[in-house]
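Report on the structure
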Amino acid sequence: MYYAEIGKIVEAGLERDNEKVRSFSLLLAKKMEADGETRGSESINKVLNRKKSGRATLDSLAPLPVDQESRMIIVDVDFDPQAGDLILSEPVRLKLQDFMNTIQHKRVMDDLGLEFSQSLLLYGYPGCGKTTAASYIASKMQLPLVTARLDTLISSLLGATAKNIHKIFEYAKRQPCVLFLDEFDAIAKARDDQHELGELKRVVNSLLQNIDDYCKDGILIAATNHQELLDNAIWRRFQSVIEMPRPGIPEIKQMMDLLPDFLDTSHIKENQWKKIYQSMEGLSYSDIRNITNNLSKKAVLNENKVLEIESVIAEVYLFRMHGDYTKEDMALFMLDCAVPKNRIVSYTGLSRRKIDQLEGSVKDHE
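Structural notes, computed from the coordinates.

Calculation rules
Residues numbered from 1 in each chain as written. Predicted model: local features only at pLDDT ≥ 70, side-chain atom pairs only at ≥ 80, totals over all residues. Heavy atoms only, no water. Helix = DSSP H or I, 4+ residues; strand = E, 2+ residues; numbered from the N terminus. Buried < 20%, exposed > 50% of the residue type's maximum accessible area, 1.4 Å probe, protein only. Phe/Tyr/Trp six-rings, centres within 6.5 Å; stacked < 30°, edge-to-face > 60°. Lys NZ or Arg CZ within 6 Å of the ring centre and 35° of its normal. Pairing = 2+ DSSP bridges. Axes fitted to C-alpha atoms, helices over the stretch in contact; angles between N-to-C directions. Contact = heavy atoms within 4.5 Å. Salt bridge = Lys/Arg side-chain N within 4 Å of Asp/Glu carboxyl O. Core = buried A, V, L, I, M, F, W, Y, C linked by side-chain atoms within 4.5 Å. Polar contact = N/O pair within 3.5 Å; in protein donor to acceptor, adjacent residues only side chain to side chain. Expected span 1.5 Å × (residues − 1). Parallel < 35°, antiparallel > 145°, perpendicular 65-115°, else oblique. Left-handed = near helix turned anticlockwise from the far one by under 90°. Nonpolar A, V, L, I, M, F, W, Y, C, P; charged D, E, K, R; others polar.

Remarks on unusual backbone geometry
- Residue Gln-142 is not a glycine yet carries a positive backbone phi of 55 degrees.
- With respect to the secondary-structure elements, Gln-142 resides in the loop between helix H6 (130-140) and strand S3 (145-149).
- The exposure class assigned to Gln-142 is partly exposed, which follows from its relative accessible area of 46%.
- In this model, Glu-183 sits at a positive phi of 50 degrees, which is unusual for a non-glycine residue.
- On the secondary structure map, Glu-183 appears in the loop between strand S4 (178-182) and helix H8 (186-190).

This is how it looks when you write it as C-alpha cells:
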C-alpha cells in the first residue's frame, strides 16, 4: 500500500538527501494517519521529531482527502525541487516555458487588468511526456504536485464521484501546489452510460464549476489520451492547450545520448546511428526508455558492455513485436535497417545463404 513512499525514502537515503528522506517520511506518515494506521504514523513522527534537521518540504500539507466509501486516499502528492531537464521538441518546450512565465508574472497581469486562468491541458499519445511535463512544471515552480486520476474516482454512485472531485479541489486550495488531473477524459467516457445521463451531467457541471473556482488562484494541469471525447465546454476552461507529440529524430537522438556510461557504443558508426534513430520513429518516449533500459539490463546480465548495431536494432524489433516473431522476420528487419549481413548471421544463427535468399525475396517484391 505504501510501496511508492517507502521506495522514495530508501532512494533518498542512498543518495544521502536528508531533506527528501524527511519530506517523504512525513508524506508516508500522513497517508498512514488517513488510513487509520495511527500507531505507525505516530512512530514515524516521533523519529522525525527526534532527528530534526533541515526544512521539511511537505510538513505543511493538509490531511489527504479520502473516498467516503472505500476510505482510500484519492490523491498522490510528490515534491521534487530538483527535477532534471525534459527531452521534448523545441516548440513544446517553448509552450511549456510560456505557461510557466505567465504564472510567474500573474500579479503583474492582474494589476494591468489582464485575465489569465492558470490552467493547462496536455493531450496526445500515451507515453509522450504528459505526466513528466506536469512534474517538471511543479518542480520549476518549487511546488508539490498533487495528482488525481479521474478514472479512479468514477464511483458506482455518481453522487460520490462529484463529492470526491470537490474534495480534491478543496484539498488543493489549502496549500500552494500544482493540481494535476490525469486521465481527464474519464468523465467524458462515463457519459456513454445512457442510464445515468442526468447524474453524469451534474458530475460534469460540478467538475467545470470547481475548475472555474480553483483556477482564479490555483495552478491546474490536466492530461488526456482521448481529447476527442472532451466537451467544447471543457476545452474552453483551459487557457493553454499543448499537444504532446511522439519524439522526432532529434529527440530520439537525445534519448540515445543518455545511454549509461558503462555501455561502450564506440563500435556503432555515425551512419548506423541514423538507421537506429529511424528504426525508432513512431515510438513514444516511454517506449524508447524501455528499449534503452532493456539494452542496459542485457549488457549487465550477459557481462558484455559493448553495443553493436545488431543488438540495438534487435531490441527495437523485439519491442515492436512483443515477442511474437521468427528469426527470418528479424533478419528482414535488420536488412531493412542496413545491418551488415555477417552481423545478422552472427546474431540470428541463420546461414549467409538464407540471409541472401531473404534479401533476394525482398528485391523481387519491390
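Notes on the packing of aromatic side chains
- Applying the stated criterion to the full structure yields six aromatic pairs.
- Aromatic side chains Phe-184 and Phe-238 sit 5.6 Å apart centroid to centroid with 90 degrees between the ring planes, which places their arrangement in the edge-to-face category. Pair noted here: Phe-184 is in the loop between S4 and H8 and Phe-238 is in the loop between helix H10 (232-235) and strand S6 (240-243), with a separation of 54 residues, a long-range link. Judged on exposure class, the residue Phe-184 and its partner Phe-238 are both buried.
- Feature note: the residues Tyr-317, Tyr-325 and Phe-333 constitute an aromatic cluster, connected by ring pairs.
- When the ring centre of Tyr-125 is taken as reference, the NZ or CZ atom of Arg-246 above it lies at 3.6 Å.

Remarks on the sheet that holds S4
- If you walk across this open sheet you meet the six strands as S1-S3-S4-S5-S2-S6, and the pairing is mixed. Two strands close off the open sheet at either side, each with one partner strand: strand S1 (76-78) and S6. Strand-to-strand, the axes of this sheet are offset by a mean angle of 20 degrees, without reference to chain direction.
- Pairing of strand S2 (residues 119-123) with S6 involves four bridges; the strand directions are parallel. Counterpart to Leu-121 in the pairing with S6 is Val-241.
- Sitting on the sheet, helix H4 (residues 90-104) touches S2, strand S5 (219-224) and S6, and the angle it makes with S6 is about 160 degrees.
- Where H6 meets the sheet, it contacts S2, S3, S4 and S5, and its direction lies at approximately 175 degrees from that of S4.

Some remarks on the environment of Glu-11
- Mapped onto the elements of the fold, Glu-11 is located in helix H1 (residues 3-14).
- Once the C-alpha coordinates of Glu-11 and Val-21 are considered, the two residues, ten residues apart in sequence, prove to be 8.5 Å apart.

A word on the pattern of salt bridges
- Considering all chains together, one arrives at 15 salt bridges under this definition.
- Lys-341 is the partner of Glu-359 in a salt bridge, and the nearest nitrogen-oxygen pair spans 2.4 Å. Of this pair, Glu-359 sits in helix H17 (residues 352-364) while Lys-341 sits in helix H16 (residues 341-348); the two residues are 18 residues apart in sequence, bridging distant segments of the chain.
- Overall, the relative accessible area of 24% leaves Glu-359 in the partly exposed class.
- One salt-bridge network, in which partners are shared between bridges, spans Arg-149, Asp-151, Asp-182 and Glu-183.

Notes on the nonpolar core
- Judged by nonpolar contacts, the single largest core of 63 residues is most densely connected at Leu-96, Met-256, Ile-276 and Met-280.
- Among the elements that take part in this core, helix H14 (residues 309-321) stands out by supplying eight residues, more than any other.
- Not counting residues up to four positions away in its chain, the partners in contact with Met-256 are Trp-273, Ile-276, Tyr-277, Met-280, Ile-288, Thr-292 and Val-312.
- Ranked by size, the runner-up nonpolar core spans 45 residues in total, among them Met-32, Val-203, Val-204 and Leu-220.

Things to note about the side chain of Gln-272
- For Gln-272, the position within the fold is in helix H12 (residues 270-279).
- For Gln-272, a relative accessible area of 11% gives the class buried.
- One polar contact links the side chain of Gln-272 to the main-chain amide nitrogen of Lys-269, over a distance of 2.9 Å.
- The residues contacting Gln-272, other than those within four sequence positions of it, are His-267, Ile-309 and Pro-340.

So, helix H13 (residues 285-301)
- The end-to-end C-alpha distance of H13, which contains 17 residues, comes to 24 Å, matching closely the 24 Å that a straight helix rising 1.5 Å per residue would cover.
- Residues of H13 that are buried include every one of Tyr-285, Asp-287, Ile-288, Ile-291, Thr-292, Leu-295, Ser-296 and Ala-299, and no others.
- If you follow the buried residues of H13, they end up packed against helix H11 (249-256) and H14.
- Of the residues one or two after H13, Glu-303 is the one with positive phi, at around 55 degrees.

Section: the pairing of S4
- Within S4, five of the five residues are buried, which leaves the element mostly enclosed by the surrounding structure.
- The side-chain alternation of S4 yields two buried faces, one formed by Val-178, Phe-180 and Asp-182 and the other by Leu-179 and Leu-181.
- Of the strand pairs in this sheet, S3 and S4 are connected by five bridges, and their pairing is parallel. Within S4, the position partnered with Val-146 by the bridge is Leu-179.

Here we look at the packing of H11 against H13
- Put simply, H11 and H13 touch, their axes get as near as 10 Å, and they point 30 degrees apart. On the basis of the axis angle, H11 is roughly parallel to H13. Both H11 and H13 take part in a crossing whose hand is right-handed. Contact residues: Glu-251, Ile-252, Met-255 and Met-256 in H11; Tyr-285, Ile-288, Arg-289 and Thr-292 in H13.
- Among the residues making up the contact of H11 with H13, the classes are represented as five nonpolar, one polar and two charged.

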